[in-house]
Amino acid sequence: MESSIEGILRGGKFKKLIENQLVDIKDRTGLKRVDIEVIYFLYRESEHNTMTDICHHLQMNKGHISSVMDSLCKKGYIVQKPDQNDRRYIRYTVTSLADSIVKQMDASWENMSQRLMVGISEADLAVFEKVSKQIAQNIETMLEE
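Residues numbered from 1 in each chain as written. Predicted model: local features only at pLDDT ≥ 70, side-chain atom pairs only at ≥ 80, totals over all residues. Heavy atoms only, no water.

J.: Just checking my understanding: could you explain the overall build of the protein chain for this structure?
T.: When you go through the protein chain residue by residue, the secondary structure sums to seven helices and two strands. Reading the protein chain from its N end, one meets helices and strands in the order α-α-α-α-α-β-β-α-α. In terms of principal-axis extent, the alpha carbons of the protein chain reach across some 45 × 40 × 25 Å. Looking at the protein chain as a whole, 24% of its 145 residues qualify as buried. Contacts spanning at least 24 positions in sequence make up 51% of the contacts within the protein chain whose residues lie at least 6 apart. Accessible surface computed for the protein chain: about 10500 Å², of which carbon and sulfur atoms make up 52%. (Helix = DSSP H or I, 4+ residues; strand = E, 2+ residues; numbered from the N terminus. Buried < 20%, exposed > 50% of the residue type's maximum accessible area, 1.4 Å probe, protein only. Contact = heavy atoms within 4.5 Å. Areas by Shrake-Rupley, 256 points an atom, 1.4 Å probe, with all protein chains shown as cover.)

As structure tokens, then:
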């Protein structure tokens, strides 16, 4: 495997880039990176708002995310409601207290995305998307074995 591909898959540099984007929000709110990522995920993925969805997206265990969710609920950034169809599930939604975080994250994410894609054609990006999805599927298959 090419070292550049392995570097992208490991995500260390990308995580550092995201961390740098969050410094201002963290300083202003006192929230941790994972708190901000959960808020932003729930804002963007309103249908995928269960503990399982969040754990899967952030690739963290339920114990850790559970404590994050409790903290964010106590601080008023999110609210929890039982699922109307299946009471075993809890659904989480972002409150208006998170609006400034979401707006700043939208702006930061847009800026970062544009800068990341400089020099990459739409055709190359489409190929990368297809290959990335296949690699992700292969990883899932290997983990299930």
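J.: When you look at helix H4 (residues 51–58) in this model, what are you seeing that I'm missing?
T.: The complete set of buried residues in H4 reads Met51, Ile54, Cys55 and Leu58. Buried residues of H4, seen end-on, are gathered within an arc of 100° and therefore sit on one face of the element. Immediately beyond the C-terminal end of H4, within one or two residues, lies Gln59, with a positive phi of roughly 55°. (Arc of directions from axis to C-beta.)

J.: Quick question: what am I supposed to make of the pattern of salt bridges here?
T.: Close approach of charged atoms lets side chains of opposite charge pair. According to the stated counting rule, one finds six salt bridges in the structure shown. Between Arg33 and Glu19 there is a salt bridge, with the nearest N and O atoms lying 3.4 Å from each other. Of this pair, Arg33 sits in helix H3 (residues 33–44) while Glu19 sits in helix H2 (residues 12–29); the two residues are 14 residues apart in sequence, bridging distant segments of the chain. Glu19 sits in the partly exposed class, given a relative accessible area of 22%. In this structure, the salt-bridge partner of Arg33 is Glu37, at a minimum N-O distance of 2.4 Å. (Salt bridge = Lys/Arg side-chain N within 4 Å of Asp/Glu carboxyl O.)

J.: I tried to follow the nonpolar core on my own but got confused; where do I start?
T.: Across soluble globular proteins, nonpolar side chains have a tendency to be buried as a group. Within the largest apolar cluster, 27 residues are counted, with the highest numbers of intra-cluster contacts made by Val38, Ile54 and Met69. Sorting elements by how many residues they give to this core places H3 first, with seven residues. When residues no more than four places from it in sequence are discounted, the contact partners of Val38 are Ile54, Leu58, Val68, Met69 and Leu72. (Core = buried A, V, L, I, M, F, W, Y, C linked by side-chain atoms within 4.5 Å.)

J.: Please explain the side chain of Asp83 as it appears in this structure.
T.: With respect to the secondary-structure elements, Asp83 resides in the loop between strand E1 (78–82) and strand E2 (90–94). Judged by relative accessible area, which is 9%, Asp83 ranks as buried. Reaching out from Asp83, the side chain makes a polar contact with the backbone nitrogen of Asn85 at a distance of 2.7 Å. Setting aside residues no more than four positions away along its own chain, Asp83 makes contact with Tyr89 and Arg91. (Polar contact = N/O pair within 3.5 Å; in protein donor to acceptor, adjacent residues only side chain to side chain.)

J.: Would you mind showing me how to read the environment of Val131 here?
T.: Turning to its location among the elements, Val131 is positioned in helix H7 (residues 122–144). As a C-alpha pair, Val131 and Phe14 span 117 residues in sequence and 18 Å in three-dimensional space.

J.: Can you help me understand the packing of H4 against helix H5 (residues 62–75) in this one?
T.: The relative placement of two packed helices comes down to the angle between their axes together with the axis-to-axis distance. Axis separation between H4 and H5 bottoms out at 10 Å; the angle between their running directions is 115°. One element, H4, and the other, H5, form an angle in the roughly perpendicular class. Considering only the axes of H4 and H5, their crossing is right-handed. Across the interface between the two elements, Met51, Thr52, Ile54, Cys55 and Leu58 from H4 touch Lys62, Ile65, Ser66 and Met69 from H5. Its residues assigned to classes, the contact of H4 with H5 shows six nonpolar, two polar and one charged. (Axes fitted to C-alpha atoms, helices over the stretch in contact; angles between N-to-C directions. Parallel < 35°, antiparallel > 145°, perpendicular 65-115°, else oblique. Left-handed = near helix turned anticlockwise from the far one by under 90°. Nonpolar A, V, L, I, M, F, W, Y, C, P; charged D, E, K, R; others polar.)

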